[in-house]
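# Fold and contact review
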Amino acid sequence: MTEQLNLEALLRRDGVLVYKTRGVSMRPLFKENRDLVTIRPCQRGGLKKYDVPLYRRRDGRFTLHRIIGVQNDTYVIRGDNTFAKEYVPESQIVGVLTEFQRKGKKHTVDESGYRAYARFWNAVYPVRLVLHKVRRLGGKIKRAIKGEQKP
């Protein structure tokens, strides 16, 4: 918990956080321990659809996911490689992704290629969700045939 509190303090003190990504929730954009992200403070109420905020979950963990909708002072957020929506109030937002280094090459969130990726990946979500459900069903059927049970 102390390390997590230090992230916010570092961002306030330095005005920037740069760190390697962890986890798989933002794949295919970010690969764990390969890519660097740059987070900067953001203006209250200044985030919009497709922005990628760093936010503090209620359990204290920090997460970097994409905004897929805005409802008053709450952001609807989902990781690029996840299927569940989260509703994050403005008060939990710590900063916002401004640039990243992927495979050694620097990019900003203002680049047309990045913006196209964000829109495309969000647009194909319904197809990705169906494929995810079919894959899960296939796994259940396979386990049932083999007589295995999911732990």
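Residues numbered from 1 in each chain as written. Predicted model: local features only at pLDDT ≥ 70, side-chain atom pairs only at ≥ 80, totals over all residues. Heavy atoms only, no water.

### Re the overall build of the protein
Selection criterion: Numbering of helices and strands runs from the N terminus; a helix is a DSSP stretch of H or I covering at least four residues, while a strand is a stretch of E covering at least two. Residue contacts are counted whenever heavy atoms from the two residues lie within 4.5 Å of one another. For accessible areas, the Shrake-Rupley method is used with a probe of radius 1.4 Å. Any residue's cover is judged against the shown protein chains and nothing else. The charge count treats Lys and Arg as positive and Asp and Glu as negative. His and the chain ends do not count. Charge positions are represented by NZ for Lys, CZ for Arg, CG for Asp and CD for Glu.
Scanning the protein from N- to C-terminus turns up three helices and nine strands. Referenced to the eigenvectors of the C-alpha coordinate spread, the extents of the protein come out at roughly 55 × 40 × 35 Å. Long-range pairs, those at least 24 residues apart, make up 53% of the contacts in the protein with a sequence separation of at least 6. Element-wise, carbon and sulfur atoms account for 53% of the exposed surface of the protein, whose accessible area totals about 9,700 Å². Separation of charge centres in the protein, based on 33 positive and 15 negative side chains, amounts to 8 Å.

### Topic: the pairing of strand S8 (residues 93–102)
For clarity, the threshold we go by: Two strands form a pair only when DSSP identifies at least two bridges running between them.
Bridging between strand S2 (residues 36–40) and S8 involves five bridges; their strand directions are antiparallel. What sits directly across from Arg 40, in S8, is Val 96. In this sheet, S8 lies alongside strand S3 (residues 53–56) in antiparallel orientation, the contact comprising three bridges. Counterpart to Tyr 55 in the pairing with S8 is Ile 93. Across four bridges, S8 lies against strand S9 (residues 105–108) in antiparallel orientation.

### Thoughts on the packing of aromatic side chains
Quick reminder of the rule: A pair of aromatic rings is counted whenever rings of Phe, Tyr or Trp (Trp by its six-membered ring) have centres within 6.5 Å, and the orientation is called stacked for planes under 30 degrees apart, edge-to-face for over 60 and tilted otherwise. Burial status follows relative accessibility: with a 1.4 Å probe on protein chains alone, a residue under 20% of its type maximum counts as buried, one over 50% as exposed, and anything between as partly exposed.
This model, assessed by the stated rule, comprises four aromatic pairs. Aromatic side chains Phe 30 and Phe 100 sit 5.3 Å apart centroid to centroid with 80 degrees between the ring planes, which places their arrangement in the edge-to-face category. Within this pair, whereas Phe 30 is found in the loop between strand S1 (17–20) and S2, its partner Phe 100 is found in strand S8, the two being separated by 70 residues in sequence. Given the relative accessible area of 3%, Phe 30 is considered buried. Given the relative accessible area of 5%, Phe 100 is considered buried. Ring centres of Phe 100 and Tyr 114 lie 5.5 Å apart, and the angle between their planes is 55 degrees; this geometry places the pair in the tilted category. Placement of the pair is Phe 100 in strand S8 and Tyr 114 in helix H2 (residues 112–123), with a sequence separation of 14 residues. The same class applies to Phe 100 as to Tyr 114, namely buried. Grouping aromatic residues by their ring pairs yields a cluster made of Phe 30, Phe 100 and Tyr 114.

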